[in-house]
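Close look at the chain arrangement
This is what each chain is made of:
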Amino acid sequence: MSRLAARAHGSPGVGEWLIANGDVVAALIRRDMAARFAGNFLGFGWTYVAPLVWLAATYFAFWFFGRTVPVYTDTVTFIISGLMPYMAFRYVVNSASRANSVMRRLLIFPTVKLEHGVIAATLVEWVNSFVVVGVVMVVNLLVFGNGEIDDPLTWFWGMTLSCGLGAAYAYLFVALTEVSPGFRSLAIVLLRPAFFVSGVFFTANELPDRVLPFFIWNPLLHAIEIARDGMLFHYEARVASSLYPLTWIAAMTALAVAIRLWKRG
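Residues numbered from 1 in each chain as written. Predicted model: local features only at pLDDT ≥ 70, side-chain atom pairs only at ≥ 80, totals over all residues. Heavy atoms only, no water.

This part takes up the packing of helix H7 (residues 152-179) against helix H8 (residues 182-191). In the contact formed by H7 and H8, the axes pass within 8 Å of each other and the chain directions differ by 150°. The angle between H7 and H8 falls in the class roughly antiparallel. Residue-level contacts link Tyr169, Phe173, Leu176 and Thr177 of H7 to Phe183, Arg184, Leu186, Ala187, Leu190 and Leu191 of H8. Across the contact of H7 with H8, the residue classes break down as eight nonpolar, one polar and one charged. (Axes fitted to C-alpha atoms, helices over the stretch in contact; angles between N-to-C directions. Helix = DSSP H or I, 4+ residues; strand = E, 2+ residues; numbered from the N terminus. Parallel < 35°, antiparallel > 145°, perpendicular 65-115°, else oblique. Contact = heavy atoms within 4.5 Å. Nonpolar A, V, L, I, M, F, W, Y, C, P; charged D, E, K, R; others polar.)

Take a look at the structure:
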């Protein structure tokens, strides 16, 4: 970090600024990975065991409540198509929300900012989300003999939008928590219903017209629908706007920046 801190005394151009910030983010990613996995097999294993537990619990819920799949696909693939982008969102939120406490000791370096910690945590979870999906899909193929992915780029984009929403949400509430610690509890409360209203158990296509307007305000539903559209051969989302979650990402990020500037000023 000392090499990076030394650069703060100059006035770098755009290229040097990008390189310097990239170095900081890369160093934080290495630090995160070392703290999470080095010498801790349980920490490494839980990254991939937890999604399987979520998948098993959701599969049990489908079986217990007699829920049938509304799309021509197998139950596990349908669950994966909605659960995996949701989990990518939640894992980014959980990880990026800890940036304030994780970064506290590192903020003495003039080039290290809270935003670097949020970006580093998001990138780690973004990559992990694709690894986890790969593991789950392989398990589904080997155990149940099922697997499909219709449009990899669309699926990739939906997963990325989910991670972006998680990063912006976490960054906003990290900024709000600096104003008042009570916002941390509010962030948790707002997340609780997300699992049930974001399309993990259902698709937007099957919602009645009188109900749909109350669900499409949720940007995560759009991201999950995009990912589901990309994964399933026999599904075409009628509610899947990229612009809507991107607008939410931009708005939450801008609000977080404004709050932090106001707090510092």
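We are not done yet, so read on.
In this fold, Trp217 is placed in the loop between helix H10 (212-215) and helix H11 (219-231). Spatially, the C-alpha atoms of Trp217 and Pro245 are 9.7 Å apart, while their sequence positions differ by 28 residues. Setting aside its immediate chain neighbours within four residues, Trp217 contacts Tyr244 and Trp248. Polar side-chain contacts of Trp217 include one of 2.3 Å to the backbone oxygen of Phe214. (Polar contact = N/O pair within 3.5 Å; in protein donor to acceptor, adjacent residues only side chain to side chain.)

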